[in-house]
Amino acid sequence: MPQKVISIRPESRTPGPKGPRYDGGPLADKLGRSLRDLRISVTDRCNFRCVYCMPREVFGNDYKFLPHAAILSFEEIARLAAVFVGLGVKKIRLTGGEPLLRKDLPRLIEMLAPLGADLTLTTNGSTLVKHARALKDAGLERLTVSLDSLDEATFRAMNDADFPVAKVLGGIAAAAAAGFSPVKINMVVKRGVNDHQVVEAARYWRDSGHILRFIEYMDVGSTNGWRMDDVIPSAEVLRRIGEAFPLEPAEANYAGEVAARWRYTDGAGEIGVISSVTRAFCRDCNRMRLSTEGALFTCLFAQQGHDLKALLREGGSDDDIRDRIAAVWRLRDDRYSEIRTAQTARLPKVEMSYIGG
Ligand code: SAM
Ligand code: SF4
Ligand code: SF4
């Protein structure tokens, strides 16, 4: 049973610290980490109810999502993104909720593409057949699609929306045809639910040109009833796959890459493992998150955000916004995954669908 809901959205938001004017120098947080990566949640809504993310018992028919007036407009997102790029952000990921539910998303992509950051999007793939071409034409560079199982019953049990595997596979094929190649495929592994599908998934995606990534089930939010016992450590995933298809480690593409890369020794491509629970990577964490309603979060497990929307809507200049973001980053000392315990896992935290996965 999920735990009692404590906090889906933060109850209050701080305006954020007021620091000195940003002087243009290198921007480092308290642990010496620089700001490189921005995740933007474009909607808190989703057409799936994945058991590890938006359990139906909490996100039921009467759940109140954010009203339109509360969420950032495309113009507001683009303005903030430009300030972030000015502060050194090199990669922007659009996420949610399900980002493709946000109406007219390619228009936002057209607005962000000229900023020059690496532009990518994570989707459940449910509507990709319809959207893949427009996303590519608008300037999206890369795409990650979540698919937790190729087995019909297992997938439906995980998405809890009776959504069929074939439609997501069709979406991935449409993405490849539109020029997204390789597509990254995310698979969250939950013990006793889909872990029996790990080797099958590896077998299916080997030699496809796409890159399958296994994600350890995390204690994000307060609603999914997370228990350490439900986590399959990446080491176990690698062992199971390695027994069927030998693997060897591959070099990281860049410092701070979230997924550790492994390649098949027979040349059939690579996989990634994201070990946020068993091998925390906070030391290199260079990510900030912007929630659907314009609150800034310095960690996926944060309890509170900093309200950039108020600053925007009260007439703050780009310099004011830049100074606020810089002051927030300079005070950042988050390293939740490194200090996770059974107690911290029970702390109130904002939901991933709100903050952006
Ligand atoms: N709706 C889109 C999707 O599912 O791809 C984007 C948002 S979703 C929150 C982003 C990623 O977070 C997905 O790959 C999802 O599987 C992953 N995710 C969600 N809850 C998780 C959890 N408790 N542990 C690990 N990964 C999780
Ligand atoms: Fe929706 Fe993605 Fe969360 Fe699943 S993981 S409920 S698809 S936001
Ligand atoms: Fe970054 Fe927080 Fe995750 Fe650590 S726990 S890697 S600081 S988002």
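One can find the structure itself at the top, above this paragraph.
Each residue is numbered by its place in its chain's sequence as written, counting from 1. Lettering of chains starts at A and numbering of ligands starts at 1, both following the order in which they are written. Predicted model: local features are reported for residues with pLDDT of at least 70 only, side-chain atom pairs are reported and counted for 80 or more only, and whole-chain, interface and lining totals are derived from all residues. Calculation of side-chain values draws on the structure's entire complement of heavy atoms; hydrogens and water are dropped beforehand.

**Q** Break down the environment of Asp29 for me, citing the residues and quoting the values.
**A** Under the scheme used here, helices are H or I runs from DSSP no shorter than 4 residues and strands are E runs no shorter than 2 residues, and both carry numbers assigned from the N terminus. Topologically, Asp29 is positioned in the segment before β1 (37-41). Each residue is placed in one exposure class: buried if its accessible area under a 1.4 Å probe, protein chains only, is under 20% of its type's maximum, exposed if it is over 50%, and partly exposed if it falls in between. Judged by relative accessible area, Asp29 falls into the buried class, the value being 5%. For the pair Asp29 and Leu347, spaced 318 residues apart in the sequence, the C-alpha separation amounts to 24 Å. Contact between two residues is taken to exist if any of their heavy atoms lie within 4.5 Å; hydrogens are not considered. What Asp29 contacts, discounting residues up to four positions off in sequence, is Trp329, Arg330 and Arg332.

**Q** Quick one: what's the story with the site of ligand 1, residue by residue and with numbers?
**A** A cutoff of 4 Å decides nearness: a residue is near a molecule or strand if any of its heavy atoms lies inside that distance of it. Close to ligand 1 lie 20 residues, the nearest being Tyr52, Gly97, Ser146, Asn186 and Met218. Whenever two N or O atoms come within 3.5 Å, that pair is a polar contact, provided that in protein one can donate a hydrogen and the other can accept it, and provided that, for residues adjacent in sequence, both atoms are side-chain atoms. Measuring from a nitrogen atom of ligand 1, one finds a backbone N or O atom of Tyr52 at 3.0 Å. Between Asn224 and ligand 1, the recorded distance is 3.5 Å, taken from a side-chain N or O atom to a nitrogen atom.

**Q** Now, about the packing of helix α2 (residues 105-112) against helix α3 (residues 128-138): what can you tell me, with residues and values included?
**A** What counts as an axis is a line fitted to C-alpha atoms, over the stretch in contact for a helix, and the angles between N-to-C directions run from 0 to 180 degrees. As a packed pair, α2 and α3 sit with axes 8 Å apart at the nearest point and diverge in direction by 20 degrees. It follows that α2 is roughly parallel to α3 by the angle criterion. Seen along the crossing, α2 lies across α3 with a hand that is right-handed. Mapping the contact onto sequence places Leu105, Pro106, Ile109 and Glu110 in α2 and Ala134, Leu135 and Ala138 in α3. Looking at side-chain class alone, the contact of α2 with α3 contains six nonpolar, no polar and one charged residues. In what follows, roughly perpendicular refers to angles from 65 to 115 degrees, roughly parallel to angles under 35, roughly antiparallel to angles over 145, and oblique to any angle outside these ranges. Here is the rule for handedness: rotate from the far helix to the near one, and if that takes an anticlockwise turn smaller than a right angle the crossing is left-handed, while a clockwise turn gives right-handed. Residue classes follow a fixed rule: Ala, Val, Leu, Ile, Met, Phe, Trp, Tyr, Cys and Pro count as nonpolar, while Asp, Glu, Lys and Arg count as charged, and any other residue, Gly among them, counts as polar.

**Q** Lay out the sheet that holds strand β5 (residues 184-189) in plain terms, naming residues and giving numbers.
**A** What the twelve strands build is an open sheet, ordered β7-β8-β9-β6-β5-β4-β3-β2-β1-β10-β11-β12; its pairing is mixed. Pairing within the sheet leaves two strands with one partner each, and these edge strands are β7 (247-249) and β12 (306-307). Pairing between two strands is assigned when DSSP locates at least 2 bridges connecting them. Across four bridges, strand β3 (residues 118-123) lies against strand β4 (residues 142-146) in parallel orientation. Residue pairing in the sheet places Thr122 in a bridge with Thr144 of β4.

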